[in-house]
Amino acid sequence: MRVIHKLIRNEKAATAIEYGLIAALIAVAAIAAMKGVGTTLNTTFSNVSTQMQ
């Protein structure tokens, strides 16, 4: 019974999970932003290449 009580009161695991979820959310947002910038850069370089020909 004491083991279960200790696990319930242990907040370190919950905090670690919360930090993991926040890191995952930041990673997804960064990937989405980089994808948008990458698409814009690709279009810009394609336009420059077309104009140079």
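Residues numbered from 1 in each chain as written. Predicted model: local features only at pLDDT ≥ 70, side-chain atom pairs only at ≥ 80, totals over all residues. Heavy atoms only, no water.

*Asks:* In this structure, what is going on with the overall build of the protein chain? I would like to understand it.
*Replies:* Along the backbone of the protein chain there are 2 helices and 0 strands. Every one of the 53 residues in the protein chain was classed for burial, and the buried ones make up 0%. Within the structure as shown, the protein chain displays about 5,200 Å² of accessible surface, and the carbon and sulfur contribution to it stands at 69%. (Helix = DSSP H or I, 4+ residues; strand = E, 2+ residues; numbered from the N terminus. Buried < 20%, exposed > 50% of the residue type's maximum accessible area, 1.4 Å probe, protein only. Areas by Shrake-Rupley, 256 points an atom, 1.4 Å probe, with all protein chains shown as cover.)

*Asks:* Would you explain a nonpolar patch on the surface in this entry?
*Replies:* Taken together, the side chains of Tyr 19, Ile 22 and Ile 26 make up a nonpolar region of the molecular surface, amounting to roughly 350 Å² of accessible area. As for its placement among the helices and strands, Tyr 19 is situated in helix α2 (residues 12-52). (Patch = residues over 30% accessible without salt bridge, like charges linked within 9 Å, V, L, I, M, F, W, Y side chains within 5 Å. Salt bridge = Lys/Arg side-chain N within 4 Å of Asp/Glu carboxyl O.)

Geometric descriptors of this kind do not, in isolation, establish any biological role.
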